[in-house]
Amino acid sequence: MGTNFELNMDEYLPLRDVVFNTLREAILRGELKPGERLMEVKLANKLGVSRTPIREAIRKLELEGLVKMIPRRGAEVAEITEKSLLDVMEVREALEELSVVLACERITEEELEELKRVAKRFEDASNSDDVTSIAEIDVAFHDVIYNSTKNAKLISLLNNLREQMYRYRVEYLKDPVVYPNLIEEHNQIIKDLEEKNKEEVKKVMSEHIINQIESVRDTIRKKRS
């Protein structure tokens, strides 16, 4: 395991969360590569912790779809496959479309202002090369829309899906070519929500998700060929 990551200490978080965040970042950044085995003892020694937080982190990463358990081999970093991409994104597309339609009816002026602030933060961050930070801001943009629906069940479903979407979001945002179009889509979504244009915002959100699917699918195919 000749990777270069180390524990990202945070005095406010329990050790198990610090270990989880560190391993998650290493997978998303590609420092732990698809197919690489996650050996509890080696990781514990490398990060200077006991095996317990490593084991807990691996279990959580499995729930996110970032790690899979292989019989008689143990844990390894999950491959990014077209099937796993489509399974997650088909569900996401349907729920995101529902969320913007409900948001048209229920979003407040304060939430619209918050959406504009987050969109501006995304635009500013797109000039940096910190992909995980850019991804977090993109998550925040969608979270404002989810919360504006005032539908607790929908918000819960989208929150559960968020972690499984995160890997594809990061993969998508690794290519800066997509940023201008993404910024334009964010601004169009805000405009349609302001105008309460349900059909248009549903269409823009669908395109927003489809563009992501196609981009990540191309990346998967290039890696395979």
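We now turn to the structure provided with this report. Values in this document were obtained by computation on a predicted structure and should not be read as measured data.

### Thoughts on helix α1 (residues 15-28)
A rise of 1.5 Å per residue sets the reference length of α1, with its 14 residues, at 20 Å; its end C-alpha atoms lie 20 Å apart and thus fit the reference within 8%. Of all the 14 residues making up α1, eleven are buried; the element is thus mostly covered by neighbouring parts of the structure. Tucked inside the fold, the buried residues of α1 contact α2 (40-47), α3 (51-63), β1 (67-70), β2 (74-77), α6 (131-148) and α7 (152-173). Of the residues trailing α1, G30 is marked for its positive phi of about 85 degrees.

### Some remarks on the packing of aromatic side chains
What describes a pair of aromatic rings is the distance from one ring centre to the other and the angle between the planes of the rings. For the structure shown, the criterion picks out one aromatic pair. When the centroid spacing of 6.3 Å and the interplanar angle of 80 degrees are considered together, the rings of F122 and Y179 count as edge-to-face. Taken together, the residues span a long stretch of sequence, with F122 in helix α5 (residues 109-125) and Y179 in helix α8 (residues 179-195) at a distance of 57 residues. Looking at Y179, the relative accessible area reads 5%, which means it is buried. Residue placement shows R24 over the ring face of Y166; its charged tip is 4.4 Å from the ring centre. Over the ring of F20 we find K60, and its NZ or CZ is 4.1 Å from the ring centre.

Rules behind the numbers
- Residues numbered from 1 in each chain as written.
- Predicted model: local features only at pLDDT ≥ 70, side-chain atom pairs only at ≥ 80, totals over all residues.
- Heavy atoms only, no water.
- Helix = DSSP H or I, 4+ residues; strand = E, 2+ residues; numbered from the N terminus.
- Expected span 1.5 Å × (residues − 1).
- Buried < 20%, exposed > 50% of the residue type's maximum accessible area, 1.4 Å probe, protein only.
- Contact = heavy atoms within 4.5 Å.
- Phe/Tyr/Trp six-rings, centres within 6.5 Å; stacked < 30°, edge-to-face > 60°.
- Lys NZ or Arg CZ within 6 Å of the ring centre and 35° of its normal.

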